[in-house]
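# What the coordinates show
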Amino acid sequence: QVQLVESGGRLVQAGGSLRLSCAASGRTFSSYAMGWFRQAPGKEREFVATISWSGGNTYYADSVKGRFTISRDNAKDTVYLQMNSLKPEDTAVYYCAATRLRIIATITSNYAYWGQGTQVTVSS
């Protein structure tokens, strides 16, 4: 089992940048592919980005492509989400998740482990 704790969410103005972190503990972090999801009020949780266990492969939702970057540091058991050019529609609770699946995992049921989430609010 792996435990995940997100941090870095806060209020930011539109056009600004933010970096989220997700620290993992428990079993070997490098054996998990990692993902970021988000959930806005009244909406379903949606896929944002995913990164392979090695960090060599990444995949993004169209809505964030070119603005967000997912990365990981296996030595620190941490995955990051760098968010640039933020828009009000990026406002949501952001969750990181872990999976042992060796696929491009973009749906919530692909992931076995979840963090508690961190709030990102983008003001216009």
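See the structure shown above.
The structure presented is a predicted model; accordingly, all values stated were derived computationally and were not measured.

With that settled, consider the overall build of the chain. Along its length, the chain carries zero helices and 11 strands. For the chain, the succession of helices and strands along the chain, N to C, is β-β-β-β-β-β-β-β-β-β-β. On C-alpha atoms alone, the chain measures out to a radius of gyration of 13 Å, which is about the 14 Å that the 2.2 N^0.38 rule sets for 124 residues. Summarising its shape, the C-alpha atoms of the chain cover approximately 40 × 25 × 25 Å along the three principal directions. Here the chain, with 124 residues, has 44% of them falling under the buried criterion. Across the chain, the fraction of contacts at a sequence separation of at least 24, relative to all contacts at a separation of at least 6, is 58%. Working note: accessible area of the chain is about 6300 Å², and carbon and sulfur atoms make up 47% of it.

Met34, Trp36, Leu81, Met83 and Tyr94 are the most contacted members of the largest nonpolar core, which has 34 residues in total. Those elements that provide at least two residues to this core are β1 (2–7), β3 (18–26), β4 (33–39), β5 (46–51), β7 (68–73), β8 (78–83), β9 (92–99) and β11 (118–123). Considering every element that reaches this core, the biggest residue donor is β9, with five residues. With sequence-adjacent residues up to four places away left out, Tyr94 is seen in contact with Glu6, Leu20, Trp36, Phe37, Arg38, Val48, Phe68, Leu81, Met83, Gly117, Thr118 and Val120.

On to the environment of Lys65, then. Locating Lys65 in the fold gives a position in the loop between β6 (58–60) and β7. Taking relative accessible area as the criterion, Lys65 reaches 48% and is therefore assigned partly exposed.

What follows covers the side chain of Arg72. Counting through the fold element by element, Arg72 comes out in strand β7. Although Arg72 lies buried, it forms no salt bridge, and the closest oppositely charged side chain, Asp77, sits 7.3 Å away as judged by the N-O distance. Separated by 3.1 Å, the side chain of Arg72 and the backbone oxygen of Phe29 make a polar contact. Filtering out sequence-adjacent residues up to four positions away, Arg72 remains in contact with Phe29, Ser30, Tyr32, Ala33, Met34, Ile51, Ser52, Trp53, Ser54, Gly55, Thr78 and Val79.

Roughly 170 Å³ of volume is contained in the largest pocket. Together, Ala33, Thr50, Ile51, Ser52, Trp53, Asn57, Thr58, Tyr59, Leu101, Arg102, Ile103 and Ile104 line the largest pocket. Within the residue set of the lining of the largest pocket, elements represented by two or more residues are β5 and β6. Classifying every residue of the lining of the largest pocket gives seven nonpolar, four polar and one charged.

Two side chains bearing opposite charge may form a pair once their charged atoms approach each other closely. Applying the stated criterion across every chain, the model contains four salt bridges. Lys65 is paired through a salt bridge with Asp62; the nearest N and O atoms lie 3.1 Å apart. Take Asp62: its relative accessible area is 67%, and that puts it in the exposed class. One salt bridge in this structure joins Arg67 and Asp90, with 2.8 Å as the shortest N-O distance. Here Asp90 lies in the loop between β8 and β9 and Arg67 lies in the loop between β6 and β7, a separation of 23 residues in the sequence. Looking at Asp90, the relative accessible area reads 0%, which means it is buried. Residues joined in a network through salt bridges with shared partners are Arg38, Glu46, Arg67 and Asp90.

What counts, and at which threshold
Residues numbered from 1 in each chain as written. Predicted model: local features only at pLDDT ≥ 70, side-chain atom pairs only at ≥ 80, totals over all residues. Heavy atoms only, no water. Helix = DSSP H or I, 4+ residues; strand = E, 2+ residues; numbered from the N terminus. Rg over C-alpha atoms; globule rule 2.2 N^0.38 Å. Buried < 20%, exposed > 50% of the residue type's maximum accessible area, 1.4 Å probe, protein only. Contact = heavy atoms within 4.5 Å. Areas by Shrake-Rupley, 256 points an atom, 1.4 Å probe, with all protein chains shown as cover. Core = buried A, V, L, I, M, F, W, Y, C linked by side-chain atoms within 4.5 Å. Lys, Arg positive; Asp, Glu negative; His and termini not counted. Salt bridge = Lys/Arg side-chain N within 4 Å of Asp/Glu carboxyl O. Polar contact = N/O pair within 3.5 Å; in protein donor to acceptor, adjacent residues only side chain to side chain. 1 Å grid on protein atoms, 1.4 Å probe; cavity = no way out; pocket = protein on both sides within 12 Å on 5 of 7 lines; lining within 4 Å. Points joined across faces, edges and corners; volume = space filled by probe spheres on them. Nonpolar A, V, L, I, M, F, W, Y, C, P; charged D, E, K, R; others polar.

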